[in-house]
Amino acid sequence: MRSGFAHFKCQVEHRITLQEYPQSLLFFVTGEQNFDAIRLSTYRTACKLRFVQKRCNLHLIDVYHVIEAVRDAGLNAVELNARISGTRLENLVSSLFNQLSKRLPTTHTINPRESTVLLVDFIRAAIDSEPDSHLTVLSVKAMLAVLCGGKLVDKLRCEYQG
């Protein structure tokens, strides 16, 4: 019997529309993917994060575009532990996917609105799992940097410089 990551390939083939499951769609779909069959927790977590990354199209956005969007939103001048409103978060994520859709070739299209809704819902659900939790600039920057594409060195540079 094969075990581990090599046996369980992380692919996103299941397509569900937002109209079918509008609330916490990603958590519902990750449960359907049977990631719990993976024994090692680090591989299981990596597969779940990769699934979220691909489903939200974040693998197409590199870290430099995240840095640019954060600066355009004015979040680089804000204190890291400052709260970020839902509207500001939606504007930030929406600008990321709108810019991405302009850069992609015509053969590869995404739905920026769907990607925005999925990612914003995921971020809110991940933060709201704790009582008395709130979105901070640091938590949003960290989530976007971890989930976007790019080299680890660039992602760390984003966190400590951006």
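Residues numbered from 1 in each chain as written. Predicted model: local features only at pLDDT ≥ 70, side-chain atom pairs only at ≥ 80, totals over all residues. Heavy atoms only, no water.

1. Overview of the overall build of the chain
When its secondary structure is counted, the chain shows seven helices and zero strands. In the chain, the succession of helices and strands from N to C terminus is α-α-α-α-α-α-α. For the chain, buried positions account for 38% of its 162 residues. Contacts in the chain between residues far apart in sequence, at least 24 positions, make up 64% of those at least 6 positions apart. As presented, the chain carries roughly 9,900 Å² of accessible surface, and 51% of it is formed by carbon and sulfur atoms. (Helix = DSSP H or I, 4+ residues; strand = E, 2+ residues; numbered from the N terminus. Buried < 20%, exposed > 50% of the residue type's maximum accessible area, 1.4 Å probe, protein only. Contact = heavy atoms within 4.5 Å. Areas by Shrake-Rupley, 256 points an atom, 1.4 Å probe, with all protein chains shown as cover.)

2. Thoughts on the confidence of the model for the chain
Confidence in the prediction for the chain averages 76 pLDDT; 72% of positions are at 70 or higher. Looking at the elements of the chain, mean pLDDT is at its lowest for helix H1 (residues 25-32), recorded as 53, and at its highest for helix H4 (residues 86-103), recorded as 92. (pLDDT = per-residue confidence, 0-100.)

3. Topic: the environment of Asp154
Its location among the elements puts Asp154 in helix H7 (residues 152-161). The buried category is assigned to Asp154, whose relative accessible area is 12%. For Asp154, the contacting residues outside a window of four places in its chain are Val63 and Tyr64.

4. Comments concerning H4
The first and last C-alpha atoms of H4 sit 26 Å apart over 18 residues, in line with the 26 Å expected at 1.5 Å per residue. Listed as buried for H4 are Leu89, Leu92, Val93, Leu96, Phe97 and Leu100. End-on, the buried residues of H4 take up no more than an arc of 120 degrees, which puts them together on one face. Turned more than 90 degrees off the buried face of H4, the exposed positions are Thr87, Asn91 and Lys102. Considering only its buried residues, H4 is in contact with helix H3 (63-72), helix H5 (112-127) and helix H6 (137-147). (Expected span 1.5 Å × (residues − 1). Arc of directions from axis to C-beta.)

5. Remarks on the side chain of Ser139
Inspection of the secondary structure puts Ser139 in helix H6. Only 2.9 Å separates the side chain of Ser139 from the backbone oxygen of Thr136, close enough to count as a polar contact. (Polar contact = N/O pair within 3.5 Å; in protein donor to acceptor, adjacent residues only side chain to side chain.)

6. Here we look at the pattern of salt bridges
Applying the stated criterion to the full structure yields two salt bridges. For Arg55, the salt bridge is made with Glu114, and the minimal N-O distance between the two is 3.3 Å. You can see Arg55 sitting in helix H2 (residues 41-55) and its partner Glu114 sitting in helix H5, a full 59 residues away along the chain. Judged by relative accessible area, which is 6%, Arg55 ranks as buried. Given the relative accessible area of 21%, Glu114 is considered partly exposed. (Salt bridge = Lys/Arg side-chain N within 4 Å of Asp/Glu carboxyl O.)

7. Considering H2
The end-to-end C-alpha separation of H2 is 21 Å, in line with the 21 Å expected for 15 residues at 1.5 Å each. Inspection of H2 places Cys47, Phe51, Val52, Gln53 and Arg55 among the buried residues, and these make up the whole buried set. Asn57, located one to two residues past H2, shows a positive phi value of around 65 degrees.

8. Topic: the packing of H5 against H6
Packed helix pairs are characterised by how far apart their axes lie and by the angle those axes make with each other. Axis separation between H5 and H6 bottoms out at 12 Å; the angle between their running directions is 120 degrees. Overall, the two elements H5 and H6 adopt an arrangement that is oblique. Where H5 crosses over H6, the handedness of that crossing is right-handed. Residues Leu119, Phe122, Ile123, Ala126 and Ile127 of H5 lie in contact with H6, whose contacting residues are Ser139, Met143, Leu144 and Leu147. Its residues placed into classes, the contact of H5 with H6 shows eight nonpolar, one polar and no charged. (Axes fitted to C-alpha atoms, helices over the stretch in contact; angles between N-to-C directions. Parallel < 35°, antiparallel > 145°, perpendicular 65-115°, else oblique. Left-handed = near helix turned anticlockwise from the far one by under 90°. Nonpolar A, V, L, I, M, F, W, Y, C, P; charged D, E, K, R; others polar.)

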